[in-house]
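Residue-level structural notes
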Amino acid sequence: TMHQGNHTTISEFILLGLSNKAEQQNLLFVLFLGMYLVIVLGNGLIILAVGLDSYLHTPMYLFLANLSFADISSTSTSVPKMLMNIQTKSQSISYESCITQMYFSIVFVVIDNFLLGVMAYDRFVAICHPLTYTTIMHSRLCVLLTVIPWLLSNLVALTHTLLLTRLVFCDSNALPHFFCDLAPLLKLSCTDTVINELVLFTVGLSVISFPFALIFFSYACIVRAVLRISSAEGKWKAFSTCSSHLTVVLLFYGTIVGVYFFPSSTHPEDTDKIGAVLFTVVVPMMNPFIYSLRNQDMKGTLRKLINKRRLLPLIP
Ligand SMILES: *[C@@H]1O[C@H](CO)[C@@H](O)[C@H](O)[C@H]1NC(C)=O
């Protein structure tokens, strides 16, 4: 933090949280603790199952495990701190923690976004080029397809963070949010944020459009393949898995467009909060159910693990 003019330095922010009503704090605590546990357990089980069962060492499941890891991390950047603040009835977060929280919240949302694209590409190759699938999706390409999202997302987060540290916060340090999210921080600053918003828009647009194009192209092919299936039962089966994937994709991209592309004036503060809850809690909570618990292979592996009691040594 720096002095500029006669403004005082801000060394901490106040996180006003999701609600300022005292009687709602216990409900929020229980609700978010419950959702956090579901996210950590659900996604943790996926990582464990994929890690332990060599039958699941295929690109699709390795990407899924990466997505689960990103989901746990994404939630962990904000929810534990929020729960702690409710319990200790303290709303403060230091400037450094705030910037760190913002950095990692960007990293994991961007990774999620890229991985959804990578997973769609994987499905596209599996459905539209089944005979050459193993040749195309060789392990080096898989590693590349997971390393690139990690590198790019850190680059994106670094760009936004460096641009944010230029900003001065003077009149108020009270953030009407439950964690240090980029959009509400920009609104709070008393510096002109036009460059930040321009970069947010252009980087955001390029980060979103490539995975989105991959997903769109993949689904166009998947829909064509589904329409070619002759039996009604087969059609319905394929469609039902498609529709659940599409639900996550639509939820994810609808939220991005609604919340992060219109960061100021047009939307009230509540839109930021709703979007953030969707990204950091609802999407990570839904992914295990949508991508794997409906999946027979994954269910089989989980049943095997529990039957063999291989999980027991891991529980203290
Ligand atoms: C992520 O994917 C890579 C390559 O596909 C794989 O080697 C790695 O084990 C995965 N990470 C997790 C947490 O499963």
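Residues numbered from 1 in each chain as written. Predicted model: local features only at pLDDT ≥ 70, side-chain atom pairs only at ≥ 80, totals over all residues. Heavy atoms only, no water.

- As recorded in an unreviewed UniProt entry, the chain goes by Olfactory receptor and comes from Ictidomys tridecemlineatus.
- Heading Subcellular location (unreviewed entry) of the UniProt record for the chain holds this comment: "Cell membrane".
- Quoted verbatim from the Sequence similarities (unreviewed entry) heading of the UniProt record, the comment on the chain is "Belongs to the G-protein coupled receptor 1 family." (UniProt positions renumbered as here; feature names shortened; annotations may be inferred.)

1. Some thoughts on the overall build of the chain
- When you go through the chain residue by residue, the secondary structure sums to 10 helices and 3 strands.
- Put simply, 78% of the contacts in the chain that link residues at least 6 apart link residues at least 24 apart.
- For the chain, the computed accessible surface area is about 16200 Å², with 68% contributed by carbon and sulfur atoms. (Helix = DSSP H or I, 4+ residues; strand = E, 2+ residues; numbered from the N terminus. Contact = heavy atoms within 4.5 Å. Areas by Shrake-Rupley, 256 points an atom, 1.4 Å probe, with all protein chains shown as cover.)

2. Describing the layout of surface pockets
- Here the second largest pocket is characterised by a volume of approximately 340 Å³.
- Of all elements in the fold, only α1 (25-52) and α2 (59-88) reach the threshold of two or more residues within the lining of the second largest pocket.
- A total of 4 residues in the lining of the second largest pocket trace back to one element, the largest contributor, which is α2.
- Residues belonging to the lining of the second largest pocket are distributed by class as follows: 8 nonpolar, 8 polar and 1 charged. (1 Å grid on protein atoms, 1.4 Å probe; cavity = no way out; pocket = protein on both sides within 12 Å on 5 of 7 lines; lining within 4 Å. Points joined across faces, edges and corners; volume = space filled by probe spheres on them. Nonpolar A, V, L, I, M, F, W, Y, C, P; charged D, E, K, R; others polar.)

3. Notes on the site of the ligand
- Near the ligand the following residues occur: Leu 62, Ala 65, Asn 66, Cys 142, Val 143 and Thr 146.
- One of the side-chain N or O atoms of Asn 66 is found 2.3 Å from an oxygen atom in the ligand.
- The protein chains hide 65% of the 360 Å² of surface that the ligand would expose on its own.
- At the level of elements, α2 and α5 (139-165) are the ones that each hand at least two residues to the shell around the ligand.
- Partitioned by chemical class, the residues of the shell around the ligand number 4 nonpolar, 2 polar and no charged. (Near = heavy atom within 4 Å. Polar contact = N/O pair within 3.5 Å; in protein donor to acceptor, adjacent residues only side chain to side chain.)

4. Observations concerning the sheet that holds strand β1 (residues 12-15)
- Strand order in this open sheet of 3 strands is β2-β1-β3, and the pairing throughout is mixed. The sheet is open, and its two borders are formed by β2 (92-94) and β3 (174-175), each paired with just one other strand.
- In terms of strand pairing, β1 meets β3 through 2 bridges, oriented parallel. Of the residues in β3, the one forming a bridge with Leu 15 is Leu 175.
- Sitting on the sheet, helix α3 (residues 95-128) is in contact with β1 and β2, with an inclination near 85° to β2. (Pairing = 2+ DSSP bridges. Axes fitted to C-alpha atoms, helices over the stretch in contact; angles between N-to-C directions.)

5. With respect to the packing of aromatic side chains
- The final tally for this structure, using the stated rule, is 10 aromatic pairs.
- Judged by centre distance (5.9 Å) and plane angle (45°), the rings of Phe 69 and Trp 150 are tilted. In this pair, Phe 69 sits in helix α2 while Trp 150 sits in helix α5, placing the two residues 81 residues apart along the sequence.
- Members of the aromatic cluster, joined through ring pairs, are Phe 69, Tyr 103, Phe 104, Phe 108 and Trp 150. (Phe/Tyr/Trp six-rings, centres within 6.5 Å; stacked < 30°, edge-to-face > 60°.)

6. Quick notes on the nonpolar core
- Residues Phe 13, Leu 164, Leu 185 and Met 298 are the most contacted members of the largest nonpolar core, which totals 67 residues.
- Element by element, the count of residues in this core is highest for α3, at 19 residues.
- If near-sequence neighbours (up to four positions away) are discounted, Phe 13 is found in contact with Gln 91, Ser 92, Ile 93, Tyr 95, Cys 98, Phe 169, Asn 173, Leu 185 and Leu 188.
- Counting residues in each nonpolar core, the second largest holds 16 residues, with Phe 29, Ile 39, Leu 83 and Val 281 among its members. (Core = buried A, V, L, I, M, F, W, Y, C linked by side-chain atoms within 4.5 Å. Buried < 20%, exposed > 50% of the residue type's maximum accessible area, 1.4 Å probe, protein only.)

7. Quick word on the environment of Val 79
- You can see Val 79 is positioned in helix α2.
- A sequence separation of 99 residues divides Val 79 from Phe 178, and the C-alpha atoms of the two residues are 8.3 Å apart.
- Sequence-distant contacts of Val 79, that is, excluding residues within four places in its chain, are made with Phe 32, Tyr 36 and Val 281.

8. Focus on the packing of α5 against helix α7 (residues 194-228)
- Two elements in contact, α5 and α7, have axes separated by 10 Å at closest approach and are oriented at 175°. By the angle class used here, α5 and α7 are roughly antiparallel. Seen from α5, the contacting residues are Val 156, Thr 159, His 160, Leu 163 and Leu 164; seen from α7, they are Ile 195, Asn 196, Val 199, Leu 200, Val 203 and Val 207.
- When grouped by side-chain class, the residues that make up the contact of α5 with α7 number 8 nonpolar, 3 polar and no charged. (Parallel < 35°, antiparallel > 145°, perpendicular 65-115°, else oblique.)

9. Remarks on the environment of Ser 172
- Among the structural elements, Ser 172 can be located in the loop between α5 and β3.
- Residues Ser 172 and Cys 190, spaced 18 residues apart in sequence, show a C-alpha to C-alpha distance of 8.9 Å.
- Contact partners of Ser 172, with chain neighbours within four places excluded, come to Ile 10 and Leu 188.
- Polar contacts involving the side chain of Ser 172 include one to the main-chain amide nitrogen of Ala 174, which spans 3.0 Å.

10. A closer look at the state of the cysteines
- Within this structure, the stated rule accounts for 2 disulfides.
- Each sulfur in the disulfide pair Cys 98 and Cys 180 lies 1.9 Å from the other. Taking the torsion about the S-S bond as the criterion, the Cys 98 to Cys 180 disulfide, at about -110°, is left-handed. Residue Cys 98 is found in helix α3, and its partner Cys 180 is found in the loop between β3 and α6 (182-188); the two are separated by 82 residues along the sequence.
- Relative accessible area serves as the criterion here: at 0%, Cys 180 is assigned to the buried category. (Disulfide = S-S within 2.5 Å.)

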